[in-house]
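# Coordinates in review
The chain contents come next:
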Amino acid sequence: MKNTSFALLILLSFGILHVSAQTEPAAGNPLFRHLPPDANQVYQINFPVIASKVDWKSIVPGMPMLNATRDPKIAAFIGDPSRAGIDIHRDFFVTLSNSPGLDSPRYVTILLPLSDSAKFIRFLKEEDKSGGFTVRPGKIRTAREKNTGFAWNDKLAVITFFRPPLREAMGKTGAHPVTRPANNLLSIRRSVVALAGYARSPFLTDTLFRDGFSDDADVHVWSSQGSGLSGLMQGLKTLPLPMQANLLNAAQTLKSGKSRTLGTIRFENGRIVYRNRTPIEPQAAGLMAQFNSRPLNTDLINRLPQGRLLGLVTLHIDVNALLSGLDRYKSRQATDSMLARMNLTSEELAKAFAGDLLIAAIGPDKPAAGSPGSDPTGNASLKPVFYGLVTINDPSSFSKVSTQLKLFKKDSIPARDSSGEAPGGKAKGHLFHTFRDHILVFGASQESTDGFFTNPPRGASDLVTEAVRDNPVAIVIDLKAVAAWLQASVNPQQTRGKDQQALAVLSKLDRISYSGGRLSGNEVESVFEVKMADPGKNSLASLLELFAQPRTAPATR
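Residues numbered from 1 in each chain as written. Predicted model: local features only at pLDDT ≥ 70, side-chain atom pairs only at ≥ 80, totals over all residues. Heavy atoms only, no water.

### Remarks on the packing of aromatic side chains
The tally for this structure, following the rule as stated, stands at 14 aromatic pairs. Residues Phe209 and Trp222 carry aromatic rings whose centres are separated by 6.1 Å and whose planes lie at 80 degrees to one another, so their mutual orientation is edge-to-face. In this pair, Phe209 sits in helix H7 (residues 207-212) while Trp222 sits in strand E8 (residues 219-224), placing the two residues 13 residues apart along the sequence. Where Phe452 meets Phe453, the ring centres are 5.0 Å apart and the plane angle is 85 degrees; that geometry is what we call edge-to-face. There is no split in this pair, since Phe452 and Phe453 are both buried. These aromatic residues form a ring-pair network of at least three members: Phe32, Phe93, Phe203, Phe209, Phe213 and Trp222. Taking the ring centre of Tyr107 as reference, the NZ or CZ of Arg190 above it sits at 4.2 Å. Lying across the ring of Tyr329, Arg328 places its NZ or CZ 5.4 Å from the centre. (Phe/Tyr/Trp six-rings, centres within 6.5 Å; stacked < 30°, edge-to-face > 60°. Helix = DSSP H or I, 4+ residues; strand = E, 2+ residues; numbered from the N terminus. Buried < 20%, exposed > 50% of the residue type's maximum accessible area, 1.4 Å probe, protein only. Lys NZ or Arg CZ within 6 Å of the ring centre and 35° of its normal.)

So this is what it looks like as structure tokens:
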């Protein structure tokens, strides 16, 4: 059984990314009662109809963690889980318990419906050379190996993996190490209890969980935010912050409020979409609505200079919502007390900025020697030119803020050419900027920041989608443009095998994007999307092709 855990972990990790199916209604899902109540993350992987999107057996050769030649038994198991008695017509669950635990054990639990328990036993025994099987009352069988406990009956198998506390995993056990039963015995106990089921499991009554897991998503992800706040709260107690007590109170409110998130993964034709939503209390929803009230300033993007727009980051919020947040959590006075040391107030900070931030990367259509970022030999650089833009509301307030915070270095720096070079070499840590029309532009050279206002603008960009407009935070990387720019920037005769492989992978992708912070009712939504180059092919099949790319490629000579 030495390879059993490895096989199951491969199936788990790959299944989370690649498995698709229809799920049975949440209210009738019998596996809910077997989910550990202390789980802070739950993954549901729908297994049955993957054949409608891709041939399951074709997955095995492309698995990045599996060498089918070296591990033929594991490859055979993953290629046909029914050979191990696993019911491939049902979904399965994976849970993480106490995943941020510093001083207490962490556990990973897998629930696998069985179609033939005899096959499952045979699979375990074929892998096991030392025994460890036990028959318990109630037709329950158990087995163990290092850090892993198995429990199963004729319908369900529960596998629990023990993970040491984070502090122990980092080798920091202290002067008095914790003593506990053998790791695999702890795992067996948890597996046996989960197999029996929990009559009062919170997952039976959590409407977000039950309703959210009832749709047709390929993968569901449920996460409790409160579990991760315990470590944050401990860390805050050690920080000498003037608003320490208020931050602790806010964190405690979130923790006690049992805040949680629900995510779904869908493998659609031409794109992979991960959508996440987090319910918030009605009072906080009002504050979020205020944050969301400022529309995207598309003029900042339209005025970017010519060249390949490789990607951008946008932020647009109502700055006054920051003041409202300080007031809501009773932190305005503490914040102003801290800012008073710099002769500033929170109101002056809010008054200085209009609420827009844009970061953009541009690669020249035809990189030229001597352009900003070129290497010492004068060859075209692989580094894109970055622009940072911030809109200013009140110039006088901003002038005071920039002076007090020392945002800009004094003008005693020697004059530089367009690439940012000074007579004694490049000025370290100096960021060039131009301020005009209530827009502050940062860049790698004075020429580039001045050029934002003088060079011909690029006009509207197709990277500005509806999701980018509707969400206060968005990140978009145009992988197709990145690939084209890299192809034009490198010397084909000097391209190494790994570089060719990277370009081949990029050719299969179109863009990746993240958009977040949009308020829908009393929920905050975010979306992460990978858009494939072939819109007519299922994204799962395209993803498999990426994994099937040769690990190495010969260099071009």
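### Concerning helix H15 (residues 395-405)
If you check which residues of H15 are buried, you get Ser397, Phe398, Val401 and Ser402. Seen along its axis, H15 keeps its buried residues to an arc of 130 degrees; they face one direction. Facing away from the buried surface of H15 by more than 90 degrees, the exposed residues are Ser396 and Thr403. The inward-facing, buried residues of H15 abut helix H14 (346-352), strand E12 (353-363), strand E13 (385-392) and strand E17 (439-443). One or two steps after H15, the chain reaches Lys406, where phi turns positive at roughly 55 degrees. (Arc of directions from axis to C-beta. Contact = heavy atoms within 4.5 Å.)

### Describing unusual backbone geometry
Unusually for a residue other than glycine, Asn147 sits at a positive phi of about 65 degrees. On the basis of relative accessibility, which here comes to 21%, the residue Asn147 falls in the partly exposed class.

### Topic: the side chain of Ser97
As for its placement among the helices and strands, Ser97 is situated in strand E2 (residues 92-97). Relative accessible area serves as the criterion here: at 1%, Ser97 is assigned to the buried category. Within the local environment of Ser97, its side chain forms a polar contact with the side chain of Arg190, the two groups lying 3.3 Å apart. With near-sequence residues (within four places) excluded, Ser97 lies in contact with Pro36, Asp38, Ala39, Asn40, Arg106, Tyr107 and Arg190. (Polar contact = N/O pair within 3.5 Å; in protein donor to acceptor, adjacent residues only side chain to side chain.)

No statement about biological role is implied by the geometric values presented.
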